[in-house]
Amino acid sequence: MAIKEEQHKPTSDIYILGIESSCDDTSASVIKNGVLLSNVTAGQAVHERYGGVVPELASRAHQQNIIPVVHEAMREAGIAKSDLSAVAFTRGPGLLGSLLVGASFAKGFAQSLNLPLIDVNHLQAHVLAHFISQGKPDEQMPEFPFLCLLVSGGNSQIILVRSYHDMEIIGQTIDDAAGEAFDKCAKVMGLPYPGGPHVDRLAQSGNPSAFRFAKPQIKDYNYSFSGLKTSFLYLLRDKVKENPDFIAENKADLCASLQETVVDILMKKLKLAAKDLNVRQVAVAGGVSANSGLRKALVETGKKYGWKVFIPPVSFTTDNAAMIAITGYFKYLNHDFCGLGEVPYARINYTF
Ligand code: KG4
């Protein structure tokens, strides 16, 4: 079905088109006054056989996907291009080639419709995903200040969120991200990429105390997962020497023990930060927040320490444009627009 073409009609409603292309998901979403109208994502199966995202292939796939995905998001939202108030796009951090596709499209689209452009920090968007309304009556959203544990394939951070526009990374990984640790250990066990969901599934039937792996001793609220990865690798190497079927015979226990260790590392620093800062509202974001062990630990720890815990639907935890659109909405209300000259950035901004 074609997108409705209408003359621009002045309205007080705010419609934001969000575009996300930072890694291997091409996504577009429309949000009206903070309420989700559509969220369409095209994944990229092309990377599966390589065991990780291949940047050049990712940007080519974004080029193929971006127009159909935006078209579908507008169609599902049931609005015309002339209804839009602004276009928001992920500026970074992420893969530069991937970001360039979304940013260039957003600039061209906004320019052709004479719409304001809003650049969005991908990490800020993960946090603000907690404020996407689906128009349901009993929706609960965090109150400021709150802590957000952002855990994905590329990030492991504790963020102190003071307002929609004022956030600070107070702790982060000094090497691998939590999702990376899951994925790399899964790869050693011969599980498909990304391995995190497979580890989670296998862990359900395993014994979390069967094996012990290294836990980091680092300062402040920072994380490290490279030691865990190495100790996992060494255990497997030594055990497979004794018994070539070791991995197959112990897969569930290995997954359960790995998951227990990752969750324990994540929770330890989160508890410390909540205690030191006297914050009792705790949220989680990013792909790893789908992990059942982490969700359980958050709920149980929340009960124990009197936290109010916020765990978003899985569709808002992985990379998606709804979180870009909601961030764009808050920036729109703040009159925070950008020019056509803003270029994507690959690395983290520490405050946003
Ligand atoms: O936020 P996200 O979708 O995008 C990237 O950062 O790329 O996160 C993807 C990460 C992957 O490392 C994946 O293995 C992990 O999230 N992940 C999980 C689970 N679901 C996704 N890790 C553990 N348990 C899960 N259930």
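A quick note: this is a predicted structure, and the numbers were derived from the prediction, not measured.

### Here's the deal with the overall build of the chain
Along the backbone of the chain there are 10 helices and 10 strands. On C-alpha atoms alone, the chain measures out to a radius of gyration of 21 Å, which is about the 20 Å that the 2.2 N^0.38 rule sets for 352 residues. For the chain, the spread of C-alpha atoms along the principal axes amounts to about 75 × 45 × 35 Å. Looking at the chain residue by residue over its 352 residues, the buried ones come to 53%.

### Looking at the packing of aromatic side chains
All told, the structure shown has 14 aromatic pairs when counted by the stated rule. Ring geometry for tyrosine 329 versus phenylalanine 330: centroids 5.5 Å apart, planes at 55°, classification tilted. Judged by its relative accessible area of 13%, tyrosine 329 is buried. An aromatic cluster of at least three residues, connected via ring pairs, comprises Phe131, Phe144, Phe146, Tyr164, Tyr329 and Phe330.

### A look at the UniProt feature "domain: Gcp-like" (unreviewed entry) in the chain
Per the UniProt annotation, the sites labelled "domain: Gcp-like" (unreviewed entry) are residues 36-325. For residues 36-325, the helix share is 48%, the strand share is 17%, and the end-to-end C-alpha distance is 9 Å.

### Some details on the site of the ligand
The immediate surroundings of the ligand are formed by 17 residues, with Gly153, Asp183, Asp200, Gly287 and Asn291 found nearest. At 3.2 Å from an oxygen atom of the ligand is found a side-chain nitrogen or oxygen belonging to serine 152. Between an oxygen atom of the ligand and a main-chain N or O atom of valine 288, the distance comes to 3.5 Å. Burial of the ligand by the protein amounts to 85% of the accessible area it has alone, namely 550 Å². Broken down by secondary-structure element, the contributors of at least two residues to the shell around the ligand are α4 (178-188) and α5 (196-203).

### Topic: the packing of helix α1 (residues 55-77) against helix α2 (residues 96-113)
Relative orientation and spacing of two packed helices are given, respectively, by the angle between their axes and the distance between those axes. α2 packs onto α1 with a crossing angle of 30° between their chain directions and a minimal axis gap of 8 Å. Relative to α2, α1 is oriented roughly parallel. Every pair of crossing elements has a handedness; the one defined by α1 and α2 is right-handed. Contacts from Ala58, Ser59, His62, Gln63, Ile66, Ile67 and Val70 in α1 reach Gly97, Ser98, Val101, Gly102, Phe105 and Phe109 in α2. Its residues assigned to classes, the contact of α1 with α2 shows 7 nonpolar, 6 polar and no charged.

### Looking at a nonpolar patch on the surface
Among the surface-exposed residues, Val188, Leu233 and Tyr234 lie close enough to one another that they form a single nonpolar patch of about 250 Å² accessible area. As for its position among the elements, leucine 233 is in helix α6 (residues 226-242). On the basis of relative accessible area, leucine 233 is assigned to the partly exposed category, the value being 39%.

### Some details on the confidence of the model for the chain
Residues with a pLDDT of 70 or more make up 96% of the chain, whose mean pLDDT is 94. A low-confidence stretch, residues 1-10 (pLDDT under 50), is modelled with 19 contacts involving residues beyond four sequence positions or located in other chains.

### Considerations on the packing of α5 against helix α7 (residues 246-277)
Two elements in contact, α5 and α7, have axes separated by 8 Å at closest approach and are oriented at 110°. Between α5 and α7, the angle is such that the two are roughly perpendicular. For the element pair α5 and α7, the recorded crossing hand is left-handed. In this structure, α5 uses Val199, Asp200, Leu202 and Ala203 to contact α7, whose residues at the interface are Lys251, Ala252, Cys255, Ala256, Leu258 and Gln259. Here the residues of the contact of α5 with α7 are counted per class, giving 7 nonpolar, 1 polar and 2 charged.

### So, the sheet that holds strand β8 (residues 166-172)
Here 5 strands make up an open sheet; going across it, the order is β8-β7-β6-β9-β10 and the pairing mixed. If you trace the sheet from one side to the other, it starts and ends with β8 and β10 (308-310), each paired once. Here the strands of the sheet are splayed against their neighbours by 25° on average, with no regard to which way each runs. One ladder, built from 6 bridges, connects strand β6 (residues 146-151) with strand β7 (residues 156-163); its direction is antiparallel. The residue of β7 that forms the bridge with leucine 147 is leucine 160. Strands in contact with helix α8 (residues 292-305) are β6, β9 (281-285) and β10; relative to β9, the strand with the most contacts, it is inclined by about 175°.

Cut-off values and rules
- Position numbers for residues start from 1 in each chain and track the written sequence from start to end.
- Selection of residues for local features in this predicted model requires a pLDDT of at least 70, selection of side-chain atom pairs for listing and counting requires 80 or more, and totals for whole chains, interfaces and linings are taken over all residues.
- To obtain the side-chain values, all non-hydrogen atoms of the structure were used and water was disregarded.
- Secondary structure counts use DSSP, requiring at least four H or I residues in a row for a helix and at least two E residues in a row for a strand, with both numbered from the N terminus.
- For the radius of gyration, the atoms used are the C-alpha atoms, and the globule rule reads 2.2 Å times the number of residues raised to 0.38.
- Any residue under 20% of the maximum accessible area for its type is buried, any over 50% is exposed, and the rest in between are partly exposed; the area is computed with a 1.4 Å probe on protein chains only.
- For this analysis, a ring pair means two rings from Phe, Tyr or Trp (six-membered ring only for Trp) whose centres lie within 6.5 Å, classed as stacked if their planes differ by under 30 degrees, edge-to-face if by over 60, and tilted for the remaining angles.
- UniProt positions are given in the numbering used here, feature names are shortened, and annotations may be inferred rather than shown by experiment.
- A molecule or strand has a residue near it when one of that residue's heavy atoms lies within 4 Å.
- Nitrogen and oxygen atoms within 3.5 Å of one another constitute a polar contact, given that in protein one can donate a hydrogen and the other can accept it, and given that sequence-neighbouring residues count only through two side-chain atoms.
- Accessible surface area values rest on a Shrake-Rupley calculation with a 1.4 Å probe, where residue burial reflects the displayed protein chains alone.
- Between N-to-C directions, angles span 0 to 180 degrees; the directions come from axes that are lines fitted to C-alpha atoms, helices contributing only their stretch in contact.
- Working definition: roughly parallel below 35 degrees, roughly antiparallel above 145 degrees, roughly perpendicular at 65 to 115 degrees, and oblique for all remaining angles.
- Left-handed describes a crossing whose near helix is turned anticlockwise from the far helix through less than a right angle; right-handed describes the clockwise counterpart.
- By definition in these notes, contact holds between two residues if any of their heavy atoms fall within 4.5 Å.
- Side-chain classes are defined by residue name, with Ala, Val, Leu, Ile, Met, Phe, Trp, Tyr, Cys and Pro counting as nonpolar, Asp, Glu, Lys and Arg as charged, and the others, Gly among them, as polar.
- Residues qualify for a patch when their relative accessible area is over 30% and they have no salt bridge, like charges being joined within 9 Å and the nonpolar side chains of Val, Leu, Ile, Met, Phe, Trp and Tyr within 5 Å.
- Note on definitions: salt bridges are taken to be side-chain nitrogens of Lys or Arg within 4 Å of carboxyl oxygens of Asp or Glu.
- What pLDDT expresses is the predictor's confidence in each residue, scored from 0 to 100.
- In short, DSSP must find at least two bridges between two strands for them to pair.

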